[in-house]
Amino acid sequence: PRIRRLEESVVNRIAAGEVIQRPSSAVKELVENSIDAGASTVSVTVKDGGLKLIQVSDDGHGIRCEDLPILCERHTTSKLSAYEDLQTIKSMGFRGEALASMTYVGHVTVTTITEGQLHGYRVSYRDGVMENDPKPCAAVKGTQVMVENLFYNMVARRKTLQNSNDDYPKIVDFISRFAVHHINVNFSCRKHGANRADVHSGSTSSRLDAIRNVYGASVVRDLMEIQVSDENAVDEIFKMDGFISNANYVAKKTTMILFINDRLVDCTSLKRATEFVYSAILPQASKPFIYMSINLPPEHVDVNIHPTKKEVSLLNQERIIEKIKDAIEEKLMNCNNTRIFQTQALNSSALTQANTRKDKGTEVSTPTGEKSQKIPVSQMVRTDPRDPSGRLHTYWQGQTSNLEKKSGLVAVRNIVRSRRNPKDAGDLSSRHELVTEIDYNLHPGLFDIVKNCTYVGVADEVFALIQHNTLLYLVNVVNVSKELMYQQALCRFGNFNAIQLSEPAPLLELLTMALKDDESMSDVNEKEKLEIAEVNTEILKENAEMINEYFSIHIDQGGNLTRLPVVLDQYTPDMDRLPEFMLTLGNDIAWDVEKECFRTAAAAIGNFYALHPPILPNPSGKGIRLYKKNKDSMESAGQADNDLTSTDEDDIDQELLAEAEAAWAQREWTIQHVLFPSMRLFLKPPKSMATDGTFVQIASLDKLYKIFERC
Ligand code: ADP
Ligand code: MG
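Notes on the structure in this doc start here. What you see is a predicted model; the values in this text were computed from it and never measured.

A few words on the packing of helix α2 (residues 23-36) against helix α4 (residues 98-105). Look at α2 against α4: their axes get within 10 Å of each other, and the N-to-C directions meet at 145 degrees. Our pair here, α2 against α4, has a crossing hand that is left-handed. For the pair α2 and α4, the contacting residues are Ala26, Glu29, Leu30 and Asn33 in the first and Ala98, Leu99 and Met102 in the second.

This is the structure we're talking about:
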């Protein structure tokens, strides 16, 4: 077939379809024009989701009468004259395409008056040109742009839009976002004919007031201010300020309002990074509300990478995101009171240890923290465990995850002080013997490693990587946590704080559940299982007083479990394992022999509280394929309205994925911030761990150095 040159009107209409994808994109362009015109009031009226009518009125500087003839031609703008201006452009528009595009896909009428004029002008446009000469008319300050019958000439798109959900919520969402950022502009948005506006921001001088006016007081109550700046660095300057939600803010969806140099944009990687931090630190509040305004020198931002300027590209994007992520992380740790208290306690003691310890021969830090030059390079190691550089998770985000089974049981982190007098329990000689055994079994080499190691990151579901001097080790997280919990159970013996369950859990049900899951019991029938459960319930009830007194496992008169001990501060065991734990207590404790009783009970606690790998599939491994929706059907639907599906929905069941990722992130966080700091302080590794695969040396820096030196 012959190649022909397309007619200009066809070209324009195709281009228009790209700039004005849907009614909400037209609203965004019009509102941006109003803001560019210096308006302090912007009112939006929408009929039929924007398909019938979009009307945006402002009180900005207006448009000169002599400019009206070319106002709606493509590439006519008052904001840019040379390409170089793009580097420093501050206005939101610059392409001179928005109004033109609207005239190719709808009927546009503009009414405007500039300052000092006695009357305004009204003029209608179609396909880029005026339909008539501007008519003088009465007008109030500013400009009113009316777009009617959007997509009247694009049958397919109009149909899809009519069939899909109305665009009005999207429009409201846009206006709300603008209102939060441009706090001194009074925005309102209503449906045509409605008395009440759905957004009414009122101009204010405080950001929080603006958020309150738009999103409600309940959101504002849970917000914290955050600021990050990087002005000291030589080669980059950026500033971010904003508000982020705290642990109490619970929502189904993340709200991320991001302005970069006053442009409303999306930044998927920043959003992901933020969500990652939340799900790691505050899994219950992992769908945050975020408002961020980032300012960079204009020459660091490329605003011209997207036709509707929905995205921008930044210089040093990774560094900026990393900085912001760190700041959020710090903020969230501070907002969680229990955590900050605990973390500080751990950190300061870890610090004292770091300071007092003597590094035989390999002292690399001078008191001022500078690296001493005498150390051969092959032996230089990072010795400050608090230095995050080199930790795996900085390189590697949201990798493997595990699924947490939904459990009806919730442990409320409502820590209850034990009422008992700790002294008498502490004197029990068999408990004393067990503690001495731990000391006796201590492996000094491993002890040194645990005390002075640097946490590197998780290696897989079971192993974590640590570095000690010039050696790299894999550590079995399950084994060490089990041992740590066992030792802690004996140390805190009779002196536990307690975790109160949100609802008392009936022992009989827990035990029945455990027996059902127990594979070794598969040939036992239901009736017998029930009997076993009943017997065990009785045993536990009989010994309730003792286990409450020594281990703070509280069983009430009705045979319900109500409390569990805090074995490690900041740590709640996986409640999915509670039934199994109860069965072990009922079945495996030697109740009659004091020492064995304590040992087996502490071991059961150790096993329950240990950081076991999760039972469910790993979302970033093959397991996640299970959650993919039928891809083919998604695709064929997507093709029909290719340009309309702007939401970032993909083919994975987002809710399950998010839950899995949150669970994984939580586990990783716990390993790094709870398990390892506590190990450093409390764990006395037994000799057996040197040989049973708990600690495996995998690399030595000296040897690696020899290899790399040749390269
Ligand atoms: P751009 O915003 O990229 O310049 P538009 O097509 O959106 O292109 O607008 C073209 C021009 O029309 C603008 O440069 C501006 O001078 C003028 N204009 C549009 N809307 C308004 C408004 N609400 N108030 C004043 N001037 C406006
Ligand atoms: Mg514009």
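Before going further, it helps to spend a moment on the pattern of salt bridges. Enumeration according to the criterion identifies 17 salt bridges in this entry. For Glu437, the salt bridge goes to Lys595, with nearest N and O atoms at 3.0 Å. Note that Glu437 is positioned in helix α14 (residues 429-441) and Lys595 in helix α21 (residues 594-609), a separation of 158 residues in sequence.

Attention now goes to the pairing of strand β20 (residues 471-476). The pairing of strand β19 (residues 463-468) with β20 spans six bridges and is antiparallel. Bridging from a neighbouring strand, His468 pairs with Leu471 of β20. What sits between β19 and β20 in their antiparallel hairpin is a turn of two residues, with Asn469 showing a positive phi close to 45 degrees. Bridging between β20 and strand β24 (residues 695-700) involves five bridges; their strand directions are antiparallel.

Take the packing of aromatic side chains next. On inspection of all chains with the given rule, the structure shows 12 aromatic pairs. For the ring pair Tyr550 and Phe598, a centre distance of 5.3 Å and an interplane angle of 85 degrees mean the geometry is edge-to-face. On the criterion of sequence distance, the pair formed by Tyr550 in helix α19 (residues 544-551) and Phe598 in helix α21 is long-range, its members being 48 residues apart. Site record: aromatic cluster; members linked through ring pairs are Phe493, Phe496, Tyr550, Phe551 and Phe598.

By secondary structure assignment, the location of Asn334 is in helix α10 (residues 317-335). Relative accessible area serves as the criterion here: at 39%, Asn334 is assigned to the partly exposed category. For the pair formed by Asn334 and Asn246, sequence separation is 88 residues and the distance between their alpha carbons is 9.9 Å.

A few words now on unusual backbone geometry. Trans is the prevailing form of peptide bonds, just as negative phi is the prevailing case for residues other than glycine. Even without being a glycine, Asn149 presents a positive backbone phi close to 50 degrees. Positionally, Asn149 belongs in the loop between β7 (142-148) and α5 (155-163). Look at Asn149 and you get partly exposed, because its relative accessible area is 24%.

Another aspect to go through is the sheet that holds strand β13 (residues 263-264). The five strands lie next to each other as β10-β11-β14-β12-β13, forming an open sheet whose pairing is mixed. Either end of the sheet is taken by a strand with one partner, and the two such strands are β10 (223-229) and β13.

By nearness alone, 19 residues border ligand 1, and Asn33, Thr77, Ser78, Lys79 and Gly96 come closest of all. Asp58 has a polar side-chain atom sitting 2.8 Å from a nitrogen atom of ligand 1. With the chains in place, 94% of the 530 Å² that ligand 1 exposes on its own is no longer accessible. For the shell around ligand 1, a count of residues per class yields six nonpolar, nine polar and four charged.

Quick notes on the rules
- Residues numbered from 1 in each chain as written.
- Chains lettered and ligands numbered in written order.
- Predicted model: local features only at pLDDT ≥ 70, side-chain atom pairs only at ≥ 80, totals over all residues.
- Heavy atoms only, no water.
- Axes fitted to C-alpha atoms, helices over the stretch in contact; angles between N-to-C directions.
- Helix = DSSP H or I, 4+ residues; strand = E, 2+ residues; numbered from the N terminus.
- Left-handed = near helix turned anticlockwise from the far one by under 90°.
- Contact = heavy atoms within 4.5 Å.
- Salt bridge = Lys/Arg side-chain N within 4 Å of Asp/Glu carboxyl O.
- Pairing = 2+ DSSP bridges.
- Phe/Tyr/Trp six-rings, centres within 6.5 Å; stacked < 30°, edge-to-face > 60°.
- Buried < 20%, exposed > 50% of the residue type's maximum accessible area, 1.4 Å probe, protein only.
- Near = heavy atom within 4 Å.
- Polar contact = N/O pair within 3.5 Å; in protein donor to acceptor, adjacent residues only side chain to side chain.
- Areas by Shrake-Rupley, 256 points an atom, 1.4 Å probe, with all protein chains shown as cover.
- Nonpolar A, V, L, I, M, F, W, Y, C, P; charged D, E, K, R; others polar.

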